[in-house]
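Listed here are the chains, written in short residue letters.
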Amino acid sequence: WSLDDPHIGDVLISEADLRARVGELGAAITKDYAGRAPFLVGVLKGAFVFMGDLARAIELPVAVDFMAVSSYGSATRTSGVVRIIKDLDVELEGRDVIVVEDIVESGLTLRYLLTNLASRNPASLAVCALLRKPDDGRGDLPIAYVGFDIPPAFVIGYGLDVAERYRNLPFIATYREDV
Ligand code: PRP
Ligand code: MN
Ligand code: MG
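Values in this document were obtained by computation on a predicted structure and should not be read as measured data.

Scoring rules and cut-offs
- Residues numbered from 1 in each chain as written.
- Chains lettered and ligands numbered in written order.
- Predicted model: local features only at pLDDT ≥ 70, side-chain atom pairs only at ≥ 80, totals over all residues.
- Pairing = 2+ DSSP bridges.
- Helix = DSSP H or I, 4+ residues; strand = E, 2+ residues; numbered from the N terminus.
- Contact = placed C-beta atoms within 7 Å.
- Core = buried A, V, L, I, M, F, W, Y, C linked by C-beta atoms within 7 Å.
- Buried ≥ 20, exposed ≤ 12 C-beta atoms within 10 Å, placed from the backbone.
- Right-handed = clockwise from strand over helix to strand, strands pointing away.
- Axes fitted to C-alpha atoms, helices over the stretch in contact; angles between N-to-C directions.
- Parallel < 35°, antiparallel > 145°, perpendicular 65-115°, else oblique.
- Left-handed = near helix turned anticlockwise from the far one by under 90°.
- Nonpolar A, V, L, I, M, F, W, Y, C, P; charged D, E, K, R; others polar.

**Points about the sheet that holds strand β1 (residues 8–13)**
Adjacent strands of a sheet pair through backbone hydrogen bonds, lying either parallel or antiparallel. The strand order across the open sheet formed by three strands is β1-β9-β8, and the pairing between neighbours is antiparallel. The open sheet has two edge strands, β1 and β8 (155–156), and neither has a second partner. Pairing between β1 and strand β9 (residues 172–175): three bridges, direction antiparallel. From the neighbouring strand, V11 faces β9, where its bridge partner is A173.

**A few points about the environment of L25**
Mapped onto the fold, L25 is located in helix α1 (residues 15–32). For the pair L25 and S106, spaced 81 residues apart in sequence, the C-alpha separation works out to 23 Å. Excluding anything up to four places from it in sequence, L25 contacts L54, A57, C128, Y145 and G147.

**Some words on the nonpolar core**
Counting 38 residues, the largest nonpolar core has F50, I98, V99, V100 and C128 as the members making the most contacts within it. Counting residues per element, the ones that place at least two in this core are α1, β2 (39–44), α2 (48–57), β5 (96–104), α3 (108–118), β6 (124–132), β8 and β9. Aside from chain neighbours lying at most four places away, what touches I98 is I29, P38, L40, V41, A126 and C128.

**Description of unusual backbone geometry**
With glycine set apart, most residues show a phi of negative sign, and most peptide bonds adopt trans. Cis geometry marks the peptide bond from L44 to K45, where omega comes out at -5°. Along the chain, K45 turns up in the loop between β2 and α2. Despite not being glycine, Y158 has its phi angle at roughly 50°, a positive value. Within the element layout of this structure, Y158 appears in the loop between β8 and β9. Classification of Y158 by C-beta neighbours within 10 Å gives buried; the count is 28. Here A163, not a glycine, exhibits a phi torsion of approximately 50°, which is positive. Here A163 is to be found in the loop between β8 and β9.

**Quick word on the pairing of strand β3 (residues 63–70)**
Summarising the sheet, β2 and β3 pair through six bridges and their orientation is parallel. Bridging from a neighbouring strand, V43 pairs with M67 of β3. Each parallel crossover has a hand, and for β2 linked through α2 to β3 it is right-handed. For β3 and strand β4 (residues 83–86), the ladder comprises three bridges, and the chain directions are antiparallel. Within β4, the residue paired with S70 across the bridge is R83.

**A look at the packing of α1 against α2**
The geometry of α1 relative to α2 is characterised by a closest axis approach of 8 Å and an angle of 50° between their N-to-C directions. Taken together, α1 and α2 sit at an angle that is classed as oblique. When you trace α1 past α2, the crossing you get is right-handed. Between α1 and α2, the contacting residues are V22, G23, L25 and G26 on the first element and D53, L54 and A57 on the second. Class assignment for the residues of the contact of α1 with α2 results in four nonpolar, two polar and one charged.

**Considerations on the sheet that holds β4**
Ordered by their spatial adjacency, six strands build an open sheet running β4-β3-β2-β5-β6-β7, and the pairing between neighbours is mixed. Across the chains shown, the open sheet's two edge strands, defined by having one partner strand only, are β4 and β7 (145–149). Here the average twist between neighbouring strands, direction ignored, is 25°. Across the sheet, α2 lies against β2, β3, β5 and β6, angled at about 160° from β2, the strand it touches most. Packing against the sheet, α3 makes contact with β2, β3, β5 and β6, and its axis sits at approximately 170° to β5.

Take a look at the structure:
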């Protein structure tokens, strides 16, 4: 990426702000799950950067696994259909599961995942989402840990893409389509 890229708009959340907030989320999880070993389920691909930083901010013996789910594909709007592309490698029976998402927008992806994962009988099931957009009708999904509530702009970076680009921006920025 390059800061000269005209599609990269305003920096919404800086690298330093991300580091600080992810540290706080890790500390909260460390406290809440003391004595347990959380099983972090990262939602590919968007959550891969957040997952790496969050896991290292949790001072507990975590395990990590990933699911690949896609509802957007290459489009900037949801298709309304959630597909599992890669499932977990292990069963969740008796585990303290924390779903790790980069962003919750319509809630379609998360709603599908929570129903799906709950049916696997985990000991507990919680969500840690870095970003949450305003609730425009998705209803109340239980999200125990939220990094930032952001305005309804299209955002990129720190895992979030447009057509697979910009995932490696170290900050969150708005995406400028009309340039
Ligand atoms: C994005 C994002 C979330 C989901 C949020 O994933 O990473 O997983 O959409 O949107 P929703 O709340 O409206 O369901 P995407 O489907 O783009 O796949 P990706 O993570 O591989 O980019
Ligand atoms: Mn995603
Ligand atoms: Mg995407």
